[in-house]
Amino acid sequence: TVRNLIKDYEAKNPGWKVIAAINADFFDINGNGNLPYQTTGPVVSNGEFYRTTVGYSMIGFRNDGSTESIVGNKVASRSSKMALAIYDENDNIIKEFIIDKVNEYPNDNESSVFFATYGSDKKIIPVDVKMDGYFVDQAELALPNSARDFYGKGVISSLNAKTISTGQFAIVSNNSEINKYLGLNVKVRVQFEYLGAYAGIKDLAGCNPVLMYDGKVLESGLRADVMTARHPRTVIGRKADGTIIMMVIDGRQASKGMYGVDGTEISAIMQHYGAVDVYNLDGGGSSTMIIKKDGEFVVMNSPSDGRERTDANALLVVAKDPEIQVETSSITTDSISLDV
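Residues numbered from 1 in each chain as written. Predicted model: local features only at pLDDT ≥ 70, side-chain atom pairs only at ≥ 80, totals over all residues. Heavy atoms only, no water.

Draft legend 1. Quick peek at the environment of Arg62. Assignment of secondary structure puts Arg62 in the loop between β4 (58–61) and β5 (70–72). For Arg62, the contacting residues outside a window of four places in its chain are Glu68, Ser69, Val71, Ala197, Ala199 and Ile201. (Helix = DSSP H or I, 4+ residues; strand = E, 2+ residues; numbered from the N terminus. Contact = heavy atoms within 4.5 Å.)

Next comes the structure, spelled out in structure tokens:
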């Protein structure tokens, strides 16, 4: 649930507090995929490029205070080669390299990454790595989204040639510079990254479709079920000054006077609040908005399933939990000066 995604984020990011949240991308709701319940579109969170398959609408968040706070409706391009990051003992990236090949043996001065992929029967196909290398046998994450879309992160635990399968990946390198940094107990990460309009963006989610862009309502070519059918909706938009608007509208509850909206109505409502760009997120029973009130996370809307649905991901509004230092001085019988 969005509520549990919030709890998971706060547990893994000490010093940051969630203020509000909405559900995000569409996803494999029936768990039929190779990686069950995975989002339909790309996922990038805090610089971790978990899924980078292009060809699906997506929105990136700059988080830099600029007027272009959300980047969307752009052609996505991805790096042709994977990036290898090397971590130190304090979990800081100290060096990055380009990986030359995927599941192919490297030539002189080249490097490769090997990982198992899924077959048409949804079963993992182990990979027999016949060269010694740097093997992550128990990865924090090893996500074979496809044969050309992989994310892996973990600690190198063995060096000898072997067969690898689920939860594993390997780096095989004939590059002496890379080999200087690799060895047992070294933490590494491999991932594709975005270029072009989305270059440098560290947080990104899928959406579908784009309803408004640059102040213009987009209607041609959009899915009929979005434009003409009323359902619960979750939407995010941007005002010209960079202000982000998040909106949830309830539906499928006629007895409560909640009928949902269609795409044209979404655009009209968001225009009323000053939006110039509008992006449709997962709706229906997924639509959820949570706001922190008096220390508790409160569901602000009426989810049409009658309860919070378990969703694949969420967009969180977070703030640094302030560290306050107070020093006292000039204390008298009726006054005190505080340096905060």
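Draft legend 2. Representation of the pattern of salt bridges. Evaluation of the coordinates by the stated rule reveals 15 salt bridges. The residue Asp8 makes a salt bridge to Lys12 at a minimum N-O spacing of 3.3 Å. Of this pair, Asp8 and Lys12 both sit in helix α1 (residues 2–12), 4 residues apart, which is roughly one turn of that helix. Exposure remark for Asp8: the relative accessible area of 35% places this residue in the partly exposed category. (Salt bridge = Lys/Arg side-chain N within 4 Å of Asp/Glu carboxyl O. Buried < 20%, exposed > 50% of the residue type's maximum accessible area, 1.4 Å probe, protein only.)

Draft legend 3. Structural detail: the sheet that holds strand β18 (residues 169–173). What the 4 strands build is an open sheet, ordered β9-β10-β18-β14; its pairing is mixed. The sheet is open, and its two edges are formed by β9 (101–102) and β14 (134–136), each paired on a single side. (Pairing = 2+ DSSP bridges.)

Draft legend 4. Highlighting helix α4 (residues 263–272). Considered for burial, the residues of α4 that qualify are Gly263, Ile266, Ser267 and Met270. One face of α4 carries all of its buried residues, which in axial projection span an arc of 95°. Along its buried surface, α4 packs onto β22 (210–213), β23 (216–217), α3 (224–228), β24 (233–239), β25 (244–249) and β26 (275–280). Two to three positions downstream of the cap, the backbone nitrogen of Thr264 sits 3.1 Å from a side-chain oxygen, assigning the N-cap of α4 to Asp262. (Arc of directions from axis to C-beta. Polar contact = N/O pair within 3.5 Å; in protein donor to acceptor, adjacent residues only side chain to side chain.)

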